[in-house]
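# Residue-level structural notes
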4 protein chains.
Amino acid sequence: MFKEAQAKVDEWVQGYKKPYFEPLSQFARLAEEVGEVGRILNHKYGDKVKKDGEEPDELGAELADILFAVVCSANSHNLDLDIEFEKIIQKSKTRDVNRFDKK
Amino acid sequence: MFKEAQAKVDEWVQGYKKPYFEPLSQFARLAEEVGEVGRILNHKYGDKVKKDGEEPDELGAELADILFAVVCSANSHNLDLDIEFEKIIQKSKTRDVNRFDKK
Amino acid sequence: MFKEAQAKVDEWVQGYKKPYFEPLSQFARLAEEVGEVGRILNHKYGDKVKKDGEEPDELGAELADILFAVVCSANSHNLDLDIEFEKIIQKSKTRDVNRFDKK
Amino acid sequence: MFKEAQAKVDEWVQGYKKPYFEPLSQFARLAEEVGEVGRILNHKYGDKVKKDGEEPDELGAELADILFAVVCSANSHNLDLDIEFEKIIQKSKTRDVNRFDKK
């Protein structure tokens, strides 16, 4: 699943002198992208009214920016997101088995 | 301290039909403002390079936007930020007494 | 308004060898506190169900943690939050004059 | 890449009465998970000292939680993350071609 995205990003950024930002700099970028998703969802579902001239919302692009930031953070720490994601799914299935109402 | 800011904001927004956003909409706005602080600090201290034409950074304005969002959230929940802030200070002084190195 | 909070925090942290975190470290802390507000509001207003044994929610305390983080960031950058907040209020009153419905 | 993760999550949550949170509730959860990554990175790279008894840091698990939140948001909006991610990569390669130093 995520392996291919991790490899694709790594292959690209290795062409740069400093392939990955420092960890806390990566984090600030992640938080920035998350904030942009907040802005978009607030326009769609919340009480925020767009300012005149604000660009059209692109939720997909902003979610992809978050994915990119997560992939960079994982690559910097040699983490395998497929393994980590699988663990989360398994843990959620077990922990939340009675937490939400089933059909 | 914060009482005056809370009163000033409330006096102003009471002129609107819907003075305060819904709570999760307020939160999305808060997260958006925090993301903007992340962007600015990343330009100053991190590895992010500004895009051509990006506006000058105004950390003070973005921090004030966060304060505004916090004040709105507190006002919506009838919270007294002076009391809450005082509690945090007292708790930190007690809890962190040996957590960081003193001069 | 905020001057007193800024002075109170500064007076306290000056007793430590490193009074303020590095800027991106401060930011990570700010984002952490914001995330905790998200968790609390999600319990109250969203679809998230509390896990068994999760501590009672204290929105006021978490908002105060955000204020503390903002005050630290402002102090580190010699920003006067009273001035910045006043500018935001004035700008919002002007910019948003027709953006939301008046009573 | 992400298609499989999107399908896996959807297959699982469709067993629940309300498969996906409301959008702003999803967002609050996303921001909460991002805050936890901030906490962990701050322990590793920032000035934050762990409190006694705090659980061991699991960056991989927290990053996977973010992926999960992003996948849910994309699924709720019928977005194909493979397409969106590919667009971001292509856009970044074009836009940033001279923004960072090459090797």
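Whatever comes next refers back to the structure up there.
Summary of the structure given here.

Definitions and limits used
For every chain, the first residue of the written sequence is number 1, and numbering continues from 1 onward in sequence order. Working convention: letters from A go to chains and numbers from 1 go to ligands, in the order in which they are written. Whole-chain, interface and lining totals are the exception, using all residues; otherwise, since this is a predicted model, local features are given only for residues with pLDDT of at least 70 and side-chain atom pairs are given and counted only at 80 or more. Hydrogens and water molecules were not included; the side-chain quantities draw on all heavy atoms of the structure. Only DSSP runs of H or I reaching four residues or more are called helices, and only runs of E reaching two or more are called strands; each is numbered from the N terminus. Under the scheme applied here, a residue whose accessible area is under 20% of the maximum for its type counts as buried, over 50% as exposed, and between as partly exposed, the area being computed with a 1.4 Å probe on protein chains only. Two residues form a contact once any of their heavy atoms are found within 4.5 Å. The accessible surface values rely on the Shrake-Rupley method and a 1.4 Å probe; as for residues, cover is taken only from the protein chains in view. The copies were overlaid with a least-squares fit restricted to C-alpha atoms from residues scoring a pLDDT of at least 70 in each copy. A fitted line through C-alpha atoms serves as each axis, taken over the contacting stretch for helices, and the angle formed by two N-to-C directions is quoted from 0 to 180°. Roughly parallel means an angle under 35 degrees; roughly antiparallel means over 145; roughly perpendicular covers 65 to 115; every other angle is labelled oblique. A clockwise turn of the near helix away from the far one marks a right-handed crossing, whereas an anticlockwise turn of less than a right angle marks a left-handed crossing. Polar contact is the term for a pair of N or O atoms within 3.5 Å; when the atoms are in protein, one must be able to donate a hydrogen and the other to accept it, and sequence-neighboring residues count only if both atoms are side-chain atoms. The working definition used for a salt bridge is a side-chain nitrogen of Lys or Arg within 4 Å of a carboxyl oxygen of Asp or Glu. All amino acids are sorted into three groups, where Ala, Val, Leu, Ile, Met, Phe, Trp, Tyr, Cys and Pro are nonpolar, Asp, Glu, Lys and Arg are charged, and the leftover types, Gly among them, are polar. Summed over both partners, buried area is the accessible surface (1.4 Å probe) that two parts give up on being assembled. Take the buried residues of types Ala, Val, Leu, Ile, Met, Phe, Trp, Tyr and Cys, join any two whose side-chain atoms come within 4.5 Å, and each joined set is a nonpolar core. The span one expects for a helix is its residue count, reduced by one, times 1.5 Å.

Right, let's get into the overall build of chain A. When its secondary structure is counted, chain A shows 4 helices and 0 strands. Helices and strands appear in chain A in the N-to-C order α-α-α-α. In terms of principal-axis extent, the alpha carbons of chain A reach across some 45 × 40 × 25 Å. The buried share among the 103 residues of chain A stands at 57%. Sequence separation of at least 24 residues holds for 58% of the intrachain contacts in chain A that already meet a minimum separation of 6. Of the roughly 4,700 Å² of accessible surface on chain A, a fraction of 49% belongs to carbon and sulfur atoms.

With that settled, consider the relation of the copies chain D and chain A. Structural alignment of chain D on chain A gives an RMSD of 0.0 Å, achieved by rotating through 180° and translating 0.0 Å along the axis. Expressed as a symmetry operation, the mapping of one chain copy onto the other fits a two-fold axis. Scanning chain D for the C-alpha nearest the rotation axis identifies Met 1 of chain D, at a separation of 2.3 Å. When the interface residues of chain D are mapped onto chain A, 100% of them again fall at the interface, so both copies present the same face.

Here the focus is the packing of helix α2 (residues 23–45) of chain A against helix α3 (residues 59–76) of chain A. Residues and elements named next belong to chain A. At a minimum axis distance of 9 Å, the contact between α2 and α3 shows a crossing angle of 160°. Taken together, the axis directions place α2 and α3 in an arrangement best described as roughly antiparallel. Pair α2 / α3 crosses with left-handed handedness. Contacts from Gln 26, Arg 29, Leu 30, Glu 33, Val 34, Glu 36, Val 37, Arg 39, Ile 40 and Leu 41 of α2 reach α3 at Leu 59, Glu 62, Leu 63, Asp 65, Ile 66, Phe 68, Ala 69, Val 70, Cys 72, Ser 73 and Ser 76.

On the secondary structure map, Ala 64 of chain B appears in helix α3 (residues 59–76). The exposure class of Ala 64 of chain B is buried, given its relative accessible area of 0%. Residue contacts for Ala 64 of chain B: discarding those within four places in its chain leaves Glu 84, Phe 85 and Ile 88 of chain C.

In this section: the side chain of Gln 6 of chain A. All names here are of chain A. Among the structural elements, Gln 6 can be located in helix α1 (residues 2–13). Polar side-chain contacts of Gln 6 include one of 2.9 Å to the side chain of Asn 75. Sequence-distant contacts of Gln 6, defined by excluding residues within four places in its chain, comprise Val 71, Ala 74, Asn 75, Leu 79, Asp 80 and Leu 81.

On to the interface of chain C and chain D. Taken residue by residue, the interface counts 15 residues in chain C and 15 residues in chain D. Joining chain C to chain D, the criterion identifies 4 salt bridges. When the shortest N-O distance is used, the salt bridge between Asp 47 of chain D and Lys 18 of chain C registers 2.8 Å. Summed over the shared surface of chain C and chain D, the result is 10 residue pairs in polar contact (both at pLDDT 80 or more). Residue composition of the side of chain C that touches chain D, grouped by class: 3 nonpolar, 5 polar and 7 charged.

This part takes up the interface of chain D and chain A. Counting from both sides, the interface comprises 51 residues of chain D and, opposite them, 51 residues of chain A. Buried area between chain D and chain A, summed over both chains or domains, comes out near 5,200 Å², and the portion from carbon and sulfur atoms is 77%. When the buried area of chain D at its contact with chain A is split by residue, Met 1, Tyr 16 and Leu 67 of chain D rank highest and sum to 12% of it. For the pair chain D and chain A, the number of links is 2 salt bridges. Close ionic contact of Glu 86 of chain A with Lys 8 of chain D constitutes a salt bridge, the shortest N to O distance being 2.8 Å. Across the contact surface, chain D and chain A share 6 residue pairs in polar contact (both at pLDDT 80 or more). Those elements that provide at least two residues to the side of chain D that touches chain A are α1 (2–13), α2 (23–45), α3 (59–76) and α4 (81–95) of chain D. Per-element accounting of the side of chain D that touches chain A gives the leading share, 12 residues, to α3 of chain D. Residues that form the side of chain D that touches chain A fall into these classes: 31 nonpolar, 9 polar and 11 charged.

What follows deals with the nonpolar core. Within the largest apolar cluster, 123 residues are counted, with the highest numbers of intra-cluster contacts made by Leu 30 and Ile 66 of chain A, Leu 30 of chain B, Leu 30 and Ile 66 of chain C together with Leu 30 and Ile 66 of chain D. With sequence-adjacent residues up to four places away left out, Leu 30 of chain C is seen in contact with Val 34, Val 37 and Ile 66 of chain B together with Ile 66, Ala 69 and Val 70 of chain C.

Our focus in this paragraph is unusual backbone geometry. Apart from glycine, the bulk of residues carry a negative phi angle, and the bulk of peptide bonds sit in the trans form. In the Ramachandran plot, Asn 78 of chain A falls in the positive-phi region, its phi being about 50° despite a non-glycine side chain. Topologically, Asn 78 of chain A is positioned in the loop between α3 and α4 (81–95).

A word on α3 of chain A. Since the α-helix turns once every 3.6 residues, residues separated by three or four places project in the same direction. All names here are of chain A. Look at α3: 26 Å from first C-alpha to last across 18 residues, which is about the 26 Å you get at 1.5 Å a residue. A large share of α3 lies buried, amounting to 17 of its 18 residues. In the stretch just after α3, Asn 78 is the one whose phi turns positive, near 50°.

One way to put it is that α4 of chain A packs onto α3 of chain D with a least axis distance of 8 Å and a crossing angle of 75°. Considering the angle they form, α4 of chain A stands roughly perpendicular to α3 of chain D. Residue-level contacts link Leu 81, Glu 84, Phe 85, Ile 88 and Ile 89 of chain A of α4 of chain A to Gly 60, Ala 61, Leu 63, Ala 64, Asp 65, Leu 67 and Phe 68 of chain D of α3 of chain D. Split into classes, the residues belonging to the contact of α4 of chain A with α3 of chain D amount to 9 nonpolar, 1 polar and 2 charged.

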